[in-house]
Amino acid sequence: PDRAQLGAVMVRRLKSELPPKWDGSPRFPKRSLEAIEVDYSKEEREAHGWLHEYTVLRQQNVSDQLERYATEFVLKLLKKRLFSSPAAFATTLARHELSITSARKRGAATAPRPVFGVLRQQIERVDEDYADDEAYEESNTDAVESATRLFRPLTSAESELLRRMTRWAEAASNRADSKTRELLDWLEKNIRPDGVWSNERVIIFTEYRATQNWLQAILASHGFGGDGRLMTLCGGMDSADREKIKAAFQTAPDASPVRILLATDAASEGIDLQNHCHCLIHIEIPWNPNRLEQRNGRVDRHGQKHEVRIYHFVAKGYQQTGERAVPASALEADL
């Protein structure tokens, strides 16, 4: 048949498969997007400011487009990980500082400049979808090390900013930050109101394994990790363990105690979790919108019986901030 005839056949077939009383309205539940406001501390604002200042200094006087390309990648990655957690930020910052120091010690003769094609491949590999969190972290590390070899030596001002950021990140990695305290408050209100576990469940998504491990320790220290209430799903885990976690989360709350699932992006694709969960929290917003929808699709999918509630974090007073121009570098611009 020609294209028009084939189209008519497909339309008739689709109509024949629709329920008899379907009125044409969407059959999927409504989705609501809700902001959790965070009152960032003075120290957190300072750390964000230091990174911005370091970014400005590093981008000055770059020698060529290759160095500019490498510089922009490393600085954007540092910012992404800072928006995720102090723990994720600390690991990449340490790798960046070590790479600069090592490159200077080796000298130009033993540390040849990466060629643009190879560096671009390494950087583009960071944005690929990974089924293994370790492979994803390795791709980040390799790209940071290669890109950092193109950096000119640190000035005294840049070295001081790195020291400040490192001290802050190491200290902040040992406690809950302002965003995590809001998360704990949300869990107390919605998952464990008045200290009693409800039948509500939530999936908490993060892009980085370092953030997942950090959150797991904090939630456990606040009493959310006992009696099988908290589970983690990450890329690269044994398939049998993955299926056990999925089965536990898809089982009714009166038969399965799990209430909180900490998941990474590497574990998100192709898994159904909508049977008894309609709440999802983004610890950070992925820069790739496809990953964002992959996360949402774990609960916002066919078979969901409730309104899907998606949460993300924004700076306190973001609605008022939206009424005036805010520099992209400002912490209030995180929305």
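Presented here is an overview of the structure given in this document.

What counts, and at which threshold
Residues numbered from 1 in each chain as written. Predicted model: local features only at pLDDT ≥ 70, side-chain atom pairs only at ≥ 80, totals over all residues. Heavy atoms only, no water. Helix = DSSP H or I, 4+ residues; strand = E, 2+ residues; numbered from the N terminus. Buried < 20%, exposed > 50% of the residue type's maximum accessible area, 1.4 Å probe, protein only. Pairing = 2+ DSSP bridges. Right-handed = clockwise from strand over helix to strand, strands pointing away. Contact = heavy atoms within 4.5 Å. Salt bridge = Lys/Arg side-chain N within 4 Å of Asp/Glu carboxyl O. Core = buried A, V, L, I, M, F, W, Y, C linked by side-chain atoms within 4.5 Å. Axes fitted to C-alpha atoms, helices over the stretch in contact; angles between N-to-C directions. Parallel < 35°, antiparallel > 145°, perpendicular 65-115°, else oblique. Left-handed = near helix turned anticlockwise from the far one by under 90°. Nonpolar A, V, L, I, M, F, W, Y, C, P; charged D, E, K, R; others polar.

### Here we look at unusual backbone geometry
Even without being a glycine, aspartate 194 presents a positive backbone phi close to 55 degrees. Structurally, the position occupied by aspartate 194 is in the loop between helix H8 (178-190) and strand S2 (202-206). Given the relative accessible area of 81%, aspartate 194 is considered exposed. With phi around 60 degrees, aspartate 227 is a residue other than glycine that occupies positive phi space. When you line up the elements, aspartate 227 lands in the loop between helix H9 (209-221) and strand S3 (230-233). Looking at aspartate 227, the relative accessible area reads 69%, which means it is exposed.

### What about the pairing of strand S4 (residues 260-264)?
In terms of burial, S4 is a largely internal element, five of the five residues being buried. Going residue by residue along S4, you find Ile260, Leu262 and Thr264 tucked away on one face and Leu261 and Ala263 tucked away on the opposite face as well. Pairing of S2 with S4, which is carried by five bridges, proceeds in the parallel orientation. Paired with valine 202 across the bridge in S4 is isoleucine 260. Summarising the sheet, S3 and S4 pair through four bridges and their orientation is parallel. Bridge assignment links methionine 231 to a residue of S4, and that residue is leucine 261. Remark: the S3/helix H10 (residues 239-250)/S4 crossover connection has right-handed handedness.

### Quick look at the side chain of threonine 180
Mapped onto the secondary structure, threonine 180 falls in helix H8. Among residues more than four places away in sequence, those in contact with threonine 180 are Trp214, Leu215 and Ile218.

### Focus on the pattern of salt bridges
Evaluated as defined, the whole model comprises 16 salt bridges. Close ionic contact of glutamate 158 with arginine 152 constitutes a salt bridge, the shortest N to O distance being 3.2 Å. By the burial criterion, glutamate 158 is buried, and arginine 152 matches it. If you follow the salt bridges from partner to partner, you end up with Glu160, Arg163, Arg164 and Arg167 in one network.

### A look at the nonpolar core
Core analysis: the largest hydrophobic core is formed by 35 residues, its most contacted members being Tyr54, Phe73, Leu78, Phe89, Leu119, Met165 and Trp168. Those elements that provide at least two residues to this core are helix H2 (42-59), helix H3 (65-84), helix H4 (86-106), helix H5 (116-126), helix H6 (133-148) and helix H7 (156-172). Among the elements that take part in this core, H3 stands out by supplying eight residues, more than any other. Each residue touching tyrosine 54, except ones within four places of it in the same chain, is listed here: Leu75, His96, Ile100, Leu154, Glu158, Leu161, Leu162 and Met165.

### Concerning the packing of H3 against H6
Put simply, H3 and H6 touch, their axes get as near as 9 Å, and they point 140 degrees apart. On the basis of the axis angle, H3 is oblique to H6. H6 is crossed by H3, and the crossing has left-handed handedness. Between H3 and H6, the contacting residues are Ala70, Phe73, Val74, Leu77 and Arg81 on the first element and Glu137, Asn140, Ala143, Val144, Ala147 and Thr148 on the second. Grouping the constituent residues of the contact of H3 with H6 by class yields seven nonpolar, two polar and two charged.

### Description of the sheet that holds S4
In spatial order, the strands read S1-S6-S5-S2-S4-S3; together these six strands make up an open sheet with parallel pairing. Of all the strands in the sheet, the pair left with one neighbour each is strand S1 (31-38) and S3. Strand-to-strand, the axes of this sheet are offset by a mean angle of 25 degrees, without reference to chain direction. As defined by bridge partners, S2 adjoins strand S5 (residues 279-282) across three bridges and the pair is classed as parallel. Note that in S5 the partner of isoleucine 204 across the bridge is isoleucine 281. Each of S2, S3 and S4 touches H10; the most contacted strand, S3, lies at about 135 degrees to it.

### A closer look at the packing of H2 against H3
Where H2 meets H3, the closest approach of the two axes is 10 Å, and the angle between their N-to-C directions is 175 degrees. Relative to H3, H2 is oriented roughly antiparallel. When H2 is examined against H3, the residues Ala47, His48, Leu51, Tyr54, Thr55, Arg58 and Gln59 are found in contact with a partner set consisting of Arg68, Thr71, Glu72, Leu75, Leu78, Lys79, Leu82 and Phe83. Tallied by class, residues from the contact of H2 with H3 come to seven nonpolar, four polar and four charged.

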